[in-house]
Amino acid sequence: MNYLDTSALIKRFVAEQGSLLVRRLVIREGPIATAKIAYAETYSGLTRKHRERHLSTGQYARACQQFENEWQAYVRVDLQDEILRLARDLIRRHPLRGFDAIHLASALSLKKALGEEITFAAADERLLRAAGAEHLHALNVETAQIP
């Protein structure tokens with residue numbers, strides 16, 4: 001199972017450093033999981049890129065449509081009280097922002113529920129260090145080599 005935080009997931013819809021690796025993960029490497037909060041975060045990121053003129057109106061519309069088309073295919077982790085408590089504990093152990101802690105807690109919860117290893121893909125080094133410290137396979141989508 002591959003878990004993508006929003007910094008990795010958005011690369012599926014916008015051509016930038018790491019997009020080819022994310023595409024490979026989505027197409028070839030099996031199911032993709034993310035937290036349900038990634039829905040709002042992805043729209044926020046796409047809209048910001050459009051406002052800042054990094055995406056044309058057409059590119060923005062296509063990216064949003066592709067995201068909507070793919071969203072239901074992802075394993076989406078619900079934001080439950082257990083995940084919130086784990087996020088709180090992760091924030092106490094690691095220098096994480098709130099939504100980053102929720103993503104990490106969601107991946108750890110999914111790992112526990114499935115009983116299998118999870119690759120945690122992101123583009124944020126601080127978050128990836130925390131994921132590694134919590135015994136997830138951490139993959140920096142911007143610096144990893146594409147096999």
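Remember, it's a predicted structure, so these values are computed and weren't measured experimentally.

Peer 1: Help me understand the pattern of salt bridges in this model?
Peer 2: Under the defined criterion, the tally for this structure stands at 12 salt bridges. A salt bridge links R93 to E134, with the shortest nitrogen-to-oxygen separation between them at 3.0 Å. Separated by 41 residues along the polypeptide, R93 in helix α5 (residues 81-93) and E134 in the loop between α7 (125-133) and β5 (137-140) bring together distant segments of the chain. Taking relative accessible area as the criterion, R93 reaches 48% and is therefore assigned partly exposed. On the basis of relative accessible area, E134 is assigned to the buried category, the value being 15%. Where K111 meets E117, a salt bridge forms, and the shortest distance between an N and an O atom there is 3.8 Å. A network of salt bridges, in which partner residues are shared, links K11, E16, K49 and E142.

Peer 1: Help me understand the environment of R97, please; the structure alone is not making it clear to me.
Peer 2: Topologically, R97 is positioned in the loop between α5 and α6 (98-114). The exposure class of R97 is partly exposed, given its relative accessible area of 44%. The sequence separation of R97 and G132 amounts to 35 residues, and the corresponding C-alpha distance is 16 Å. The residues contacting R97, other than those within four sequence positions of it, are D124 and R126. Looking at R97, its side chain comes within polar contact range of the side chain of D124, at 2.6 Å.

Peer 1: Even after reading the chapter, I still don't get the environment of K111, so can you show me in this structure?
Peer 2: Mapped onto the elements of the fold, K111 is located in helix α6. Along the chain, K111 and M1 lie 110 residues apart, while their C-alpha atoms are 8.6 Å from each other. Setting aside anything within four residues of it in sequence, one finds K111 in contact with E116, E117, I118, H135 and L136.

Peer 1: Please clarify how the side chain of E134 should be interpreted in this entry.
Peer 2: Of the polar contacts made by the side chain of E134, one reaches the side chain of R93; its length is 3.0 Å. Ignoring sequence-local partners within four residues, the contact set of E134 consists of L90, R93, H94, L104 and L108.

Peer 1: Looking at this structure, I do not really get α7. What am I missing?
Peer 2: Counting along an α-helix, one turn takes 3.6 residues, and residues three or four places apart therefore face a common direction. If you check which residues of α7 are buried, you get L127, L128, A130 and A131. Down the axis of α7, the buried set is contained in an arc of 160 degrees. They therefore lie on one face. Looking at the buried side of α7, the elements it contacts are α6, β4 (119-122) and β5. Capping of α7 at its N-terminal end is provided by D124; its side-chain oxygen lies 3.0 Å from the backbone amide nitrogen of R126.

Peer 1: When you look at unusual backbone geometry in this model, what are you seeing that I'm missing?
Peer 2: For residues that are not glycine, phi is negative in most cases, and the peptide bond is trans in most cases. Positive phi, normally seen in glycine, also occurs at R53, with a value near 65 degrees. In this structure, R53 sits in the loop between α3 (38-51) and α4 (57-71). Here the phi dihedral of H135 falls at roughly 70 degrees; this positive angle occurs in a residue that is not glycine. Here H135 shows up in the loop between α7 and β5.

Peer 1: Whenever I open this one, the sheet that holds β4 confuses me. Can you help?
Peer 2: Picture the strands of a sheet paired through backbone hydrogen bonds; they go either parallel or antiparallel. The sheet built from five strands is open, its strands ordered β3-β2-β1-β4-β5 with parallel pairing. Sheet topology places β3 (75-77) and β5 at the edges, where each strand pairs with a single neighbour. This sheet shows a mean twist of 30 degrees between the axes of neighbouring strands, independent of strand direction. Lying over the sheet, helix α2 (residues 19-28) contacts β1 (2-4), β2 (32-35), β4 and β5, oriented at roughly 135 degrees with respect to β5.

Conventions used here
Residues numbered from 1 in each chain as written. Predicted model: local features only at pLDDT ≥ 70, side-chain atom pairs only at ≥ 80, totals over all residues. Heavy atoms only, no water. Salt bridge = Lys/Arg side-chain N within 4 Å of Asp/Glu carboxyl O. Helix = DSSP H or I, 4+ residues; strand = E, 2+ residues; numbered from the N terminus. Buried < 20%, exposed > 50% of the residue type's maximum accessible area, 1.4 Å probe, protein only. Contact = heavy atoms within 4.5 Å. Polar contact = N/O pair within 3.5 Å; in protein donor to acceptor, adjacent residues only side chain to side chain. Arc of directions from axis to C-beta. Pairing = 2+ DSSP bridges. Axes fitted to C-alpha atoms, helices over the stretch in contact; angles between N-to-C directions.

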